[in-house]
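The residues making up each chain are set out below.
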Amino acid sequence: MKEVLKVMKFDFLTAKPLALRAYILLCAVCCALSLFFSPIISSYIFFAAMIFVIPLQSVADKCGFNKLYGILPVNRKNITRARFLYIFLVHFIAELLAGTVAIFSYFFKLYRILPNQEGTAVQFIKNSFYDTKLVFFVAMAFFAFFGLMFSYMEMMGQIFGRENEMKIIVITLGALGALIILISQLFNRGIIPAINLPRIPESLGGRALVALAVNVIMLGICMLFGEITAGRLAKREL
């Protein structure tokens, strides 16, 4: 575990010079807009989180980190595992930040100092401060989507090569589109019964359990992708 943590720290230090200032700026903008206009804007912090993931491979290629990884006294599998846990941690921190900003938005309700309180725009803004279900749903959806997307692309990129990422995206989108069409046809013909998705709990405790479940599932997926990738790369090295 110590090796994994060290490599995760190395990934952070790799992305930090390119990402930290932009990350802080984007988070500050999201925070300000969320406090004044809508708590749902806090979820846009997940878009800032990708800044700490995207530069990793380009910097590694430019600086020749692949050779460095080869001589480090670290298990090669732990280097791969660390990258996937790093991706989870980056989005987990974004989730915590988004949740904190949303809570402060609900608490302060700074829309009340905006001019023309009786106007349509301000009334629309006011309503957004009371739609807690939508804010919770968007935050969980962004967390799951970005975490799954980056961990999946990391797995496919390491296994099949970064130069094939565009092919991977096209094939993946094509497969997902075909699957959605197939499932829709099966639903329409009654072959597959309709599935009622669970509703978002009203209570704070219920939402906390949902958030915990989503986080545990995402952590498990990242670890699974990490193990698959580590296993495939280990076979390749042999």
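In short, a report on the structure. (Residues numbered from 1 in each chain as written. Predicted model: local features only at pLDDT ≥ 70, side-chain atom pairs only at ≥ 80, totals over all residues. Heavy atoms only, no water.)

**Examining the packing of aromatic side chains**
Consideration 1: Within the structure shown, the criterion is met by 17 aromatic pairs.
Consideration 2: Considering the side-chain rings of tyrosine 44 and phenylalanine 47, the 6.0 Å spacing of their centres and the 80 degrees angle between planes classify their relative orientation as edge-to-face.
Consideration 3: Residue placement shows arginine 207 over the ring face of phenylalanine 136; its charged tip is 6.0 Å from the ring centre. (Phe/Tyr/Trp six-rings, centres within 6.5 Å; stacked < 30°, edge-to-face > 60°. Lys NZ or Arg CZ within 6 Å of the ring centre and 35° of its normal.)

**A few points about the nonpolar core**
Consideration 1: Within the largest apolar cluster, 36 residues are counted, with the highest numbers of intra-cluster contacts made by Tyr23, Ile45, Phe52 and Tyr86.
Consideration 2: Looking at this core, the elements with two or more residues in it are α1 (2–36), α2 (45–49), α5 (76–108), α7 (132–160) and α9 (204–237).
Consideration 3: Ranked by the residues each element gives to this core, the list is headed by α5, at 10 residues.
Consideration 4: Those residues in contact with tyrosine 86 that sit more than four places away from it in its chain are Met8, Asp11, Phe12, Ala15, Phe52 and Leu56.
Consideration 5: In this structure, Phe84, Met156, Ile168 and Phe225 belong to the second largest nonpolar core, which totals 7 residues. (Core = buried A, V, L, I, M, F, W, Y, C linked by side-chain atoms within 4.5 Å. Buried < 20%, exposed > 50% of the residue type's maximum accessible area, 1.4 Å probe, protein only. Helix = DSSP H or I, 4+ residues; strand = E, 2+ residues; numbered from the N terminus. Contact = heavy atoms within 4.5 Å.)

**What to know about the packing of α1 against α5**
Consideration 1: Where α1 meets α5, the closest approach of the two axes is 10 Å, and the angle between their N-to-C directions is 20 degrees. The angle between α1 and α5 places the two elements in the roughly parallel class. Pair α1 / α5 crosses with right-handed handedness. (Axes fitted to C-alpha atoms, helices over the stretch in contact; angles between N-to-C directions. Parallel < 35°, antiparallel > 145°, perpendicular 65-115°, else oblique. Left-handed = near helix turned anticlockwise from the far one by under 90°.)

**Thoughts on the packing of α7 against helix α8 (residues 165–188)**
Consideration 1: The N-to-C vectors of α7 and α8 enclose an angle of 125 degrees; their axes lie 10 Å apart at closest approach. Comparing the axis directions of α7 and α8 gives the class oblique. Like other packed secondary-structure pairs, α7 and α8 cross with a definite hand, here right-handed. For the pair formed by α7 and α8, the contact residues are Tyr152, Met153, Met156, Gly157 and Phe160 on the first element and Glu165, Ile168, Ile169 and Thr172 on the second.
Consideration 2: By residue class, the composition of the contact of α7 with α8 is 6 nonpolar, 2 polar and 1 charged. (Nonpolar A, V, L, I, M, F, W, Y, C, P; charged D, E, K, R; others polar.)

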